[in-house]
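# Coordinates in review
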Amino acid sequence: MFLKVQLNWNVVIPAENLDIKGLMLQKAILVRLLDDFSSKKATKDLGYLLCVTTLDKIGEGKVREHSGDILFPVTFTCLSFKVFRGEVIEGVVHKILKHGVFLRCGPIENLYLSNQKMSDYQYQIAENPCFLNSKTGSRIEKDATLRCIVIGVKYMEAQKEFQAVVGLEGDYLGPV
């Protein structure tokens, strides 16, 4: 679910941001790193990039010939969020359809739970549609929290986001 990762990136600082004092340079590098980091969103290997925790090392800058900008190799530690097949997660229902429900879990907006993966539940047509378990009386409705197991994960390169299929087959899975 949460990963602590050390990454090596290159940060480019425009020549006009340079100052004689070293602190302003460090600040410019950190601001540019955070800006680049926030625009990245997610990667297939690491999942959603959440935050930079530490700036571990700033390497020696190299001047780019044509622009005069300076490229600094930077090593930093960050937190990321990625779901894996077989992992048990908790999600909040945000959309109910006849054939299943969509859940959110952290930054993942598209977790799909098919009605075929919740065999004890039947779809109920009402003002507020839901899935009802006739044996236990438990309901899966909008804004309900569900504990489920991840069956499969797919990374969508164009949107830079993950989609997952989840199920309720297993012990202690279902509405929380």
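Basis of the calculations
- Numbers given for residues are sequential positions, taken from 1 along each chain in its written order.
- Thresholds applied to this predicted model are a pLDDT of at least 70 for local features of residues and 80 or more for the giving and counting of side-chain atom pairs; totals over whole chains, interfaces and linings are not thresholded and use all residues.
- For the side-chain quantities, the full set of heavy atoms in the structure was used; hydrogens and water were omitted.
- Secondary structure is summarised from DSSP: a helix means a run of H or I of at least four residues, a strand means a run of E of at least two, and numbering begins at the N terminus for each.
- C-alpha atoms define the radius of gyration, and 2.2 Å times the number of residues to the power 0.38 defines the globule rule.
- Note on exposure labels: buried denotes an accessible area under 20% of the residue type's maximum, exposed denotes more than 50%, and partly exposed covers the range between, all computed with a 1.4 Å probe on protein chains only.
- It only takes one pair of heavy atoms within 4.5 Å for two residues to be counted as in contact.
- A 1.4 Å probe and the Shrake-Rupley method give the accessible areas. Residues count as covered only by the protein chains that appear here.
- Neither His nor the chain termini are counted; the positive set is Lys and Arg, and the negative set is Asp and Glu.
- By convention, charge coordinates are those of NZ in Lys, CZ in Arg, CG in Asp, or CD in Glu.
- Remark: nonpolar core denotes a set of buried residues (Ala, Val, Leu, Ile, Met, Phe, Trp, Tyr, Cys) joined through side-chain atoms within 4.5 Å.
- The rule is short: rings of Phe, Tyr and Trp, with Trp giving its six-membered ring, pair when the centres are within 6.5 Å, and they are stacked under 30 degrees, edge-to-face over 60, tilted in between.
- Note on pairing: DSSP must find at least two bridges between two strands before they are called paired.

## Section: the overall build of the protein chain
Per the secondary structure count, the protein chain includes one helix and 14 strands. For a compact globule of 176 residues, the expected C-alpha radius of gyration is about 16 Å, and the protein chain comes in at 23 Å, more than 25% above that figure. Taken along the three principal axes of its C-alpha coordinates, the protein chain extends 75 × 30 × 25 Å. Burial status across the protein chain gives 37% buried among its 176 residues. In the protein chain, the share of contacts with a sequence separation of at least 24, taken over all contacts with a separation of at least 6, comes to 60%. Split by element, the accessible area of the protein chain, about 10,800 Å² in all, is 51% carbon and sulfur. Measuring between centres, the 22 positive side-chain charges of the protein chain sit 3 Å from its 20 negative side-chain charges.

## Digging into the nonpolar core
Within the largest apolar cluster, 26 residues are counted, with the highest numbers of intra-cluster contacts made by I89, L103, L111, L113, I140, V166 and L168. Mapped onto this core, the elements with two or more residues apiece are β6 (88–97), β7 (100–105), β8 (108–114), β12 (145–156) and β13 (161–167). Beyond its immediate stretch of four places on either side in the chain, L168 contacts L113, K117, M118, Y121, I140, R147, C148, L173 and G174.

## Observations regarding unusual backbone geometry
Its identity as a non-glycine residue notwithstanding, D143 has a phi of 70 degrees, on the positive side. The class for D143 is exposed, based on a relative accessible area of 59%. At Y172, a position not held by glycine, the phi torsion is positive, near 65 degrees. Of note, Y172 is situated in the loop between β13 and β14 (174–175). Overall, the relative accessible area of 73% leaves Y172 in the exposed class.

## Remarks on the environment of A15
Of note, A15 is situated in the loop between β1 (2–13) and α1 (22–40). Taking C-alpha positions, A15 is 9.1 Å from V63, a pair spaced 48 residues apart along the chain. Excluding its chain neighbours within four sequence positions, the residues that come into contact with A15 are G68 and D69.

## Regarding the packing of aromatic side chains
Enumeration according to the criterion identifies eight aromatic pairs in this entry. Taking the centre distance of 4.9 Å and the plane angle of 50 degrees together, the rings of Y155 and F162 count as tilted. On the basis of relative accessible area, Y155 is assigned to the buried category, the value being 14%. Note on F162: relative accessible area 4%, which makes it buried. Through a chain of ring-to-ring contacts, three or more aromatic side chains come together here, namely W9, F37 and F76.

## Notes on the pairing of strand β5 (residues 70–81)
Counting buried residues along β5, 10 of its 12 residues qualify, which places the element largely inside the surrounding structure. Of the pairings in the sheet, the one linking β1 to β5 comprises 12 bridges and is antiparallel in character. Bridging from a neighbouring strand, L3 pairs with S80 of β5. Across eight bridges, strand β3 (residues 47–58) lies against β5 in antiparallel orientation. Each residue of the ladder has a partner; that of L55, found in β5, is F76. Pairing of strand β4 (residues 62–63) with β5 involves two bridges; the strand directions are antiparallel. Residue pairing across strands places K62 opposite L71, the latter belonging to β5. Between β4 and the antiparallel strand that follows it, β5, lie six residues; G68 among them carries a positive phi value of about 85 degrees.

All quantities given are derived from atomic positions and should not be read as evidence of function.
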